[in-house]
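Analysis of the macromolecular model
Here is how the chains run, residue by residue.
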Amino acid sequence: MTALPPVRRIRRVALPVALCVGLAAALSACAEDPDEGTNGVGRLPANEIEKKARAAADGAVSVRLAGNLVTKSGTYRLNMRLKAQGATGSVTTRKSTFELLRVGDALFLKAGAAFWRHAEGAGGSAKPGESPDSSDSPDSSDSSGSSGSSGSDIDVADKLDGKYVKVPQDDPSYKQLRGFTEMNVLLKGLLQLHGEVRKGDRDKVGGVRTIEVAGGQHGEGGTLDVALEGTPFPLQFARGGGGGVVVLSDWNKDFPLVEPEKEDILDYGRQLPRTSD
């Protein structure tokens, strides 16, 4: 007669082996290196991470900048593609949206009829998207319900609707509008941490692993999320004091910059309105 295998003995041996394997896996997981498979900047001190992020940004040829900026003159929502030769994208204030295109020194602005109608209603001096103050008008008591824009003003606004207006370099708005299109100026002005820097949490921005570098004990001097994959580009920046948050993406991805066709360009014929909230 064939002897049966010692089942109980096999089970007794298998149980401790399984426990050992499970314990080893758990210990291995606990000791896993969070920087494994990264570019290694997460191992550096906070100030070194910040330096590497700045160096990466300085060496880049293009970027997309999108987010909100709070300034003394108002709040702006930007969605701009930037490079040294120019930029293209949109700027939104509390009451208006307009597009900007810069090719070299040539700067173009495009907006809808409502944008220009407000400007026309104030004789060309209104801030983009802002209605002229009717209390300043001697005809504010007029019961006709006129908004201050004449028929000719409306006609001009309708003609400018969706058309590009070339901003003269001697126009007071040129410098301000061009500031939204300058890659180096925007990056240097934005990527500034104040106070003693420290390392923060690890996270993801746009699906890319990041490590945070914060200015000040609680990030009151701004926070910068730096890529842990590939080149350590800054991927998100939050300005201190609620000054806005911007996301930086499409680093070194080129895009075309072409001046509009002549038939798509119209002359505004007067000083352009200044941008503000």
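If you're wondering where the values come from, they're calculated on a predicted model, not measured in any experiment.

**Comments concerning the side chain of R178**
- Take R178: it is sitting in helix α5 (residues 172–179).
- The class of R178 is buried, set by a relative accessible area of 18%.
- Filtering out sequence-adjacent residues up to four positions away, R178 remains in contact with R102, G104, D105 and L107.

**Topic: the sheet that holds strand β6 (residues 164–166)**
- One open sheet holds the 12 strands; their spatial order is β7-β8-β9-β10-β11-β1-β2-β3-β4-β5-β6-β12, and the pairing between them is mixed. The open sheet has two free edges, formed respectively by β7 (197–205) and β12 (265–266), since each of these has just one partner strand.
- Here strand β4 (residues 97–103) pairs with strand β5 (residues 106–111) via 6 bridges, running antiparallel. Looking across to β5, one finds that R102 is bridged to L107.

**Section: the pattern of salt bridges**
- On inspection of all chains with the given rule, the structure shows 13 salt bridges.
- Between R43 and D33 there is a salt bridge, with the nearest N and O atoms lying 2.8 Å from each other. Note that R43 is positioned in the loop between α1 (7–30) and α2 (46–58) and D33 in the loop between α1 and α2, a separation of 10 residues in sequence.
- Overall, D33 belongs to the partly exposed group, its relative accessible area being 31%.
- The shortest N-O distance in the salt bridge between K110 and E99 comes to 3.7 Å. With a gap of 11 residues between them, K110 in strand β5 and E99 in strand β4 connect regions that are remote in the sequence.
- Owing to a relative accessible area of 36%, E99 belongs among the partly exposed residues under this scheme.

**Side note on the nonpolar core**
- Of all hydrophobic cores here, the largest spans 50 residues; its most connected members are L109 and W251.
- In this structure, L101, F108, F255 and L257 belong to the second largest nonpolar core, which totals 6 residues.

**A closer look at the packing of aromatic side chains**
- This model, assessed by the stated rule, comprises 5 aromatic pairs.
- Plain terms: the ring middles of F115 and W116 are 4.9 Å apart, the flat faces sit at 80° to each other, and that makes the pair edge-to-face. You'll find F115 and W116 in the same group, each marked buried.
- Among the aromatic residues, those joined into a ring-pair cluster are F98, F115 and W116.

**Regarding the pairing of strand β3 (residues 86–92)**
- Across the 7 residues of β3, 5 count as buried, placing the element largely inside the fold.
- Bridging between strand β2 (residues 74–83) and β3 involves 7 bridges; their strand directions are antiparallel. In the sheet register, L78 faces β3, and the bridge partner there is V91.
- When β3 meets β4, the two strands line up antiparallel, connected through 7 bridges. Considered in β4, the bridge of A87 is made with R102.
- Connecting β3 to the next strand, β4, in antiparallel fashion are 4 residues.

**Digging into the confidence of the model for the protein**
- In this model, the protein carries a mean pLDDT of 81, and residues with pLDDT of at least 70 account for 72%.
- In the model, residues 122–148 has pLDDT below 50 throughout and makes 37 contacts with residues more than four positions away in sequence or in other chains.

**Observations regarding α5**
- Regarding α5, the residues found buried are S173, Y174, L177 and R178. The arc that holds every buried residue of α5, seen down its axis, measures 130°, which confines them to one face.
- Tucked inside the fold, the buried residues of α5 contact β4 and β5.
- Structurally, the start of α5 carries an N-cap: the backbone nitrogen of S173 is 2.8 Å from a side-chain oxygen of D171.

**Examining the pairing of strand β8 (residues 208–215)**
- Counted residue by residue, β8 has 6 buried out of 8 residues, so it is predominantly covered.
- The turn joining β7 and β8, which pair antiparallel and follow one another in sequence, is formed by 2 residues; a positive phi near 60° is taken by G206.
- The pairing of β8 with strand β9 (residues 223–227) spans 5 bridges and is classified as antiparallel. Note on β9: the bridge partner recorded for T210 is A227.

Rules and cut-offs
Residues numbered from 1 in each chain as written. Predicted model: local features only at pLDDT ≥ 70, side-chain atom pairs only at ≥ 80, totals over all residues. Heavy atoms only, no water. Helix = DSSP H or I, 4+ residues; strand = E, 2+ residues; numbered from the N terminus. Buried < 20%, exposed > 50% of the residue type's maximum accessible area, 1.4 Å probe, protein only. Contact = heavy atoms within 4.5 Å. Pairing = 2+ DSSP bridges. Salt bridge = Lys/Arg side-chain N within 4 Å of Asp/Glu carboxyl O. Core = buried A, V, L, I, M, F, W, Y, C linked by side-chain atoms within 4.5 Å. Phe/Tyr/Trp six-rings, centres within 6.5 Å; stacked < 30°, edge-to-face > 60°. pLDDT = per-residue confidence, 0-100. Arc of directions from axis to C-beta. Polar contact = N/O pair within 3.5 Å; in protein donor to acceptor, adjacent residues only side chain to side chain.

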